[in-house]
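The residues making up each chain are set out below.
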Amino acid sequence: MQQLFTLSFKKNISLIEEATDNIVLQSPLITLNSPQITLHLKQLSPGLLSALKLLGTDGATEEHLCNLVLQTDGLPGLYKFYDYLQKFINLGLICHSVLLEGVTLLTRVPISPLDRFQLKNAAADKKYILSRFAYCRKDKDQMVVESPLSHAQIVLREGQGAALFHQLFAPQSCQELCAKVLGISPDTALMIFNLLWSSHLISELQDNGEIQEDANAALSQWEFHDLLFHSRSRTGRHANPVGRTYRFLEKVEPLPAVKPKPATETENIPLYQPDLEKLKAADYPFTLILEARKSLRHYHEQPITDKQLGEFLYRCARIRQVMPAGREEISSRPYVNAGANYELELYLIVNSCQNISAGFYYYCPQEHQLCRLSNLNNHVAALLEEARLSNREQCLPQVAILISARFQRITWAYESIAYSGLLKNVGALYQTMYLVATAMDLAPCAIGSGNSDLFAAATGLDYYAETSVGEFIIGSKPRDEMMVR
Ligand SMILES: Cc1cc2nc3c(=O)[nH]c(=O)nc-3n(C[C@H](O)[C@H](O)[C@H](O)COP(=O)(O)O)c2cc1C
């Protein structure tokens, strides 16, 4: 079949004519993730020059471009054009569009500098189905289909494009697709299959009825949301800005390093502060703590004390210092945190603790106090029950620590990696809590999931501003687990 894709440069590519036979091709400067491309294209023959200019405007079919170069420059010019074209494709600069009666139906746009588009030919007698990783969304002013498997996105320009994707939820051959989507010929359908198949957006139905994509054991174990999150929070298959880009600078005020204390009906509870100098001398040796660290999910019948809880929180999570950092404030705390933004906050469901009444508390890391938010009301009791069910031994925790994030502390400065960084910070806090609990002969255990909506209901906080991102349970250690020096 004759290939009738319309080729064009990506919209953000500029062609600057320096002389009559000299063009500078430039991509925009985005970030380190997508370094700026600058190509000085010199001594261009007239046909080549015209072809490049066409690629920089509405584009043209490969056939049209080749004829143009061949007729103007002859065969040597054509070889040179193919060289350039391949180079542009390998640099992710070229879009491929499918036109229907002169109107662009859809366009394949590379979104990663690592895109290496190579057309795969789909078979007219085979069926293809949408990849379970493909999704459609609004991207600025256009509708796009993307997938974490792909280094390109498909921009849907006409309604038939969307209709076509809709039909592909079930396996379709070219013929079947044409019968279902108005105005699409078998040739166009095959071209679209070629484009989508080459971009990992559709998969072939094999003769045994299995979907080709599912035959890959590693891929089949990925869930859609996990792979999308992974691919977009790592560099590689996208060109989005990554890291501290400060996209809200001058638009939104950054949150202060210290969360304002929530309003409470009762006096805050000052917590015990250990003498760190004494601890430095008296603690178990580091290697003993590291080697003895383990998850403990049941407790001594005497609950944890207020003094132990105070010491634990002080050693894990207090604020040591608040410092200015440009337009932001950062702080120093015992656990490591990306950028020292310290977006994490601790809320405690105290179920049984000596000298602290059962209830729901917020830990003030600067004053080292507990603010009582509520009793064990329905929401809080449900969160506690969830923690019990997640505990492999299903013991009711003496204290469940719910870790929330004030998201804007991290999203204000970071792009692409804000949420993944936040989860790494939760891991760092978990490990600090494990080690401190082990050093204090307490029973610690991290919890793998929790209900963030229930947390928002229990605290009255806006889910999008601050909600739970981790859970940790703690209590007094059973006697037979105590460390012996
Ligand atoms: C992120 C994370 C999530 C966890 N989730 C749970 C959980 O939901 N329930 C549980 O009983 N243990 C949970 N654990 C504890 C692990 O099961 C435990 O660390 C692992 O089995 C190794 O045992 P150890 O901690 O005793 O060395 C979790 C640990 C981590 C780090």
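Colleague: Account for the overall build of the chain, with residues named and values stated.
Modeller: Across its full length, the chain holds 14 helices and 23 strands. On C-alpha atoms alone, the chain measures out to a radius of gyration of 30 Å, which is more than a quarter above the 23 Å that the 2.2 N^0.38 rule sets for 485 residues. The dimensions of the chain, computed from C-alpha atoms along their principal axes, are 90 × 55 × 45 Å. Across the 485 residues that make up the chain, the buried fraction comes to 50%. Within the chain, contacts between residues separated by at least 24 positions form 68% of all contacts whose residues are at least 6 apart in sequence. Surface accessibility of the chain: about 23,200 Å² in total, with carbon and sulfur atoms responsible for 52%.

Colleague: Before we move on, could you go through the packing of helix 10 (residues 306–317) against helix 13 (residues 418–439) and cite the residues and values that matter?
Modeller: Two numbers describe how helix 10 lies on helix 13: the axes approach to 9 Å, and their chain directions differ by 140 degrees. The angle between the axes of helix 10 and helix 13 places the two elements in the oblique class. Where helix 10 crosses over helix 13, the two elements pack in a sense that is right-handed. Of the residues in helix 13, those touching helix 10 at Phe312, Arg315 and Cys316 are Leu429, Thr432, Met433, Val436, Ala437 and Ala439. The residue inventory of the contact of helix 10 with helix 13, partitioned by class, reads seven nonpolar, one polar and one charged.

Colleague: Talk me through the domain arrangement of the chain; I want residue IDs and the actual numbers.
Modeller: Domain boundaries assigned for the chain yield domain 1 (6–91), domain 2 (100–233) and domain 3 (243–481). Computed over C-alpha atoms, the centres of domain 2 and domain 3 are 44 Å apart.

Colleague: Tell me what's going on with the packing of aromatic side chains, and back it up with residues and numbers.
Modeller: Tallied over the full model, the rule gives 15 aromatic pairs. With centroids separated by 6.1 Å and ring planes inclined at 50 degrees, the aromatic side chains of phenylalanine 81 and tyrosine 82 adopt a geometry described as tilted. Judged by relative accessible area, phenylalanine 81 falls into the buried class, the value being 1%. Pairing tyrosine 434 with phenylalanine 472 gives two aromatic rings, centres 5.2 Å apart and planes at 80 degrees, and the pair type is edge-to-face. In this pair, tyrosine 434 is assigned in helix 13 and phenylalanine 472 in strand 23 (residues 466–476), connecting sequence segments 38 residues apart. With a relative accessible area of 0%, phenylalanine 472 lands in the buried category. In this structure an aromatic cluster arises from ring pairing among Tyr347, Phe360, Tyr362 and Phe455. The side chain of lysine 259 reaches across the aromatic face of tyrosine 362, ending 5.7 Å from its centre.

Colleague: Tell me about the nonpolar core, and please be specific about residues and values.
Modeller: When a protein is soluble and globular, its nonpolar side chains tend to lie buried together. Ranked by size, the top nonpolar core spans 64 residues in total, and within it Phe312, Leu313, Leu346, Leu348, Ile401 and Ile403 carry the most contacts. The element that contributes the greatest number of residues to this core is helix 13, accounting for nine residues. Contacts of leucine 313, omitting those with residues within four sequence positions, involve Leu271, Arg318, Leu346, Leu348, Tyr363, His368 and Leu370. Counting residues in each nonpolar core, the second largest holds 56 residues, with Phe9, Val98, Ala122 and Ile184 among its members.

Colleague: Quick one: what's the story with the site of the ligand, residue by residue and with numbers?
Modeller: Near the ligand you find 13 residues, and of these Arg293, Ser295, Arg297, Ser390 and Arg392 are the closest. Take serine 295: an N or O atom from its side chain is 2.6 Å from an oxygen atom of the ligand. One nitrogen or oxygen atom from the main chain of glycine 448 is found 2.9 Å from a nitrogen atom belonging to the ligand. Coverage of the ligand by the protein chains reaches 58% of its 610 Å² of free accessible surface. No other element matches the three residues that strand 22 (residues 442–447) contributes to the shell around the ligand. A per-class count over the shell around the ligand returns five nonpolar, four polar and four charged.

Colleague: Can you break down the environment of glutamate 62 residue by residue, with the values?
Modeller: For glutamate 62, the position within the fold is in helix 2 (residues 62–90). A relative accessible area of 29% places glutamate 62 in the partly exposed class. Beyond its immediate stretch of four places on either side in the chain, glutamate 62 contacts Phe5, Leu7, Tyr82 and Leu85.

Colleague: I'd like a rundown of the sheet that holds strand 14 (residues 269–270), residues and numbers included.
Modeller: Taken in spatial order, the seven strands make up an open sheet running 14-19-18-17-20-23-22, and their pairing is antiparallel. Lying at the two open borders of the sheet, with one neighbouring strand each, are strand 14 and strand 22. Note that strand 20 (residues 399–406) and strand 23 share eight bridges and pair antiparallel. Residue pairing in the sheet places leucine 402 in a bridge with glutamate 471 of strand 23.

Colleague: Could you give an account of the sheet that holds strand 6 (residues 94–100), naming the residues involved and the relevant values?
Modeller: Sheet architecture is open: seven strands sit in the order 5-1-6-7-11-10-9, paired in antiparallel fashion. At either margin of the open sheet sits one strand with a lone partner, and together these are strand 5 (60–61) and strand 9 (135–139).

Colleague: Any chance you could break down the pattern of salt bridges for me, citing the residues and the numbers?
Modeller: Enumeration according to the criterion identifies 18 salt bridges in this entry. Salt-bridge contacts for arginine 327 lead to glutamate 250; the nearest nitrogen and oxygen are separated by 3.2 Å. A residue pair is termed long-range when its members are at least 10 positions apart, and arginine 327 in the loop between strand 15 (321–325) and strand 16 (328–332) and glutamate 250 in the loop between strand 13 (243–244) and strand 14 qualify at 77 residues. The exposure class of arginine 327 is partly exposed, given its relative accessible area of 42%. Here glutamate 311 makes a salt bridge to arginine 315, at a shortest N to O gap of 2.8 Å. Residue glutamate 311 and its partner arginine 315 are located together in helix 10, separated by four residues, close to a single helical turn. Salt bridges sharing common partners tie together Arg137, Glu146 and Arg232.

What counts, and at which threshold
Residues numbered from 1 in each chain as written. Predicted model: local features only at pLDDT ≥ 70, side-chain atom pairs only at ≥ 80, totals over all residues. Heavy atoms only, no water. Helix = DSSP H or I, 4+ residues; strand = E, 2+ residues; numbered from the N terminus. Rg over C-alpha atoms; globule rule 2.2 N^0.38 Å. Buried < 20%, exposed > 50% of the residue type's maximum accessible area, 1.4 Å probe, protein only. Contact = heavy atoms within 4.5 Å. Areas by Shrake-Rupley, 256 points an atom, 1.4 Å probe, with all protein chains shown as cover. Axes fitted to C-alpha atoms, helices over the stretch in contact; angles between N-to-C directions. Parallel < 35°, antiparallel > 145°, perpendicular 65-115°, else oblique. Left-handed = near helix turned anticlockwise from the far one by under 90°. Nonpolar A, V, L, I, M, F, W, Y, C, P; charged D, E, K, R; others polar. Domains from an automatic or database assignment. Phe/Tyr/Trp six-rings, centres within 6.5 Å; stacked < 30°, edge-to-face > 60°. Lys NZ or Arg CZ within 6 Å of the ring centre and 35° of its normal. Core = buried A, V, L, I, M, F, W, Y, C linked by side-chain atoms within 4.5 Å. Near = heavy atom within 4 Å. Polar contact = N/O pair within 3.5 Å; in protein donor to acceptor, adjacent residues only side chain to side chain. Pairing = 2+ DSSP bridges. Salt bridge = Lys/Arg side-chain N within 4 Å of Asp/Glu carboxyl O.

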